[in-house]
Amino acid sequence: MRIFGVILAGGRGQRMGGADKALLPFRGQPLLAHVIGRISPQVEDLALSANGDPARFRAFGLPVLPDNTPLGPLSGVLAGLGWARAAGASHLVTAPVDAPFLPGDLVPRLLLAAEGPGLALARSGGRLHPVAALWPVTLADDLAAFLASGAKPKMADFLLPRGAGIADFPDDGAFLNLNSPADLAAAERLAGDGA
């Protein structure tokens, strides 16, 4: 089993005033650096799903995968699945760029939860976190057809009907998304308190 990872950073950052969330400073580093630090030890190789000029991410040393058709996070997943499959991976783990507290055991727990199709997503505090998921690369064609069908591209709507397992995590704060300046400020305070 070969597991690659992709950090999904293709959003427009509207609630951040149009800022590139991946590059926003958090605890002295860009948000992207925190997510890389959490995910890279858990995967064999790592890429970034992002649109626009890839040169802005050069310092991070990751392949930058643009969306073929920008339809939200599932477009980034599709780009990641294609990249991972071409490189010989069996699975892809996805993670959001705006979640700097992701668990250090995300991949092992997703693997334990994945049944049948080898598909799983995270849950904490009773909430699903479909952006933090494990995907077999064999789903690339199915996902491409789903996106081409005109279906509303919601991650859970794709994952759950395909028998995705649920990996439960005890710390809901691990999946805290920083979607606005207020979220970022609150997370800075939380991190200052030892999170």
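Look above for the structure.
Residues numbered from 1 in each chain as written. Predicted model: local features only at pLDDT ≥ 70, side-chain atom pairs only at ≥ 80, totals over all residues. Heavy atoms only, no water.

Draft legend 1. Molecular detail of the pairing of strand β6 (residues 91-96). Counting buried positions along β6 yields six of six residues, so the element is predominantly enclosed. In β6, alternate side chains face the same way, and those of H91, V93 and A95 on one face and L92, T94 and P96 on the other are all buried. Where strand β1 (residues 3-8) lies against β6, six bridges are found, and the strand directions are parallel. In the strand pairing of β6, I3 is matched with H91. Sheet topology places β6 next to strand β8 (residues 127-136); four bridges connect them, and they run antiparallel. Of the residues in β8, the one forming a bridge with T94 is A133. (Buried < 20%, exposed > 50% of the residue type's maximum accessible area, 1.4 Å probe, protein only. Helix = DSSP H or I, 4+ residues; strand = E, 2+ residues; numbered from the N terminus. Pairing = 2+ DSSP bridges.)

Draft legend 2. Structural view of the side chain of H91. Here H91 shows up in strand β6. Of the residues examined, H91 reaches a relative accessible area of 10% and is grouped as buried. Within polar-contact distance, the side chain of H91 engages the side chain of S90 at 3.0 Å. Apart from residues no more than four positions distant in its own chain, H91 is found in contact with M1, R2, I3, F4, G118, L134, W135, P136 and V137. (Polar contact = N/O pair within 3.5 Å; in protein donor to acceptor, adjacent residues only side chain to side chain. Contact = heavy atoms within 4.5 Å.)

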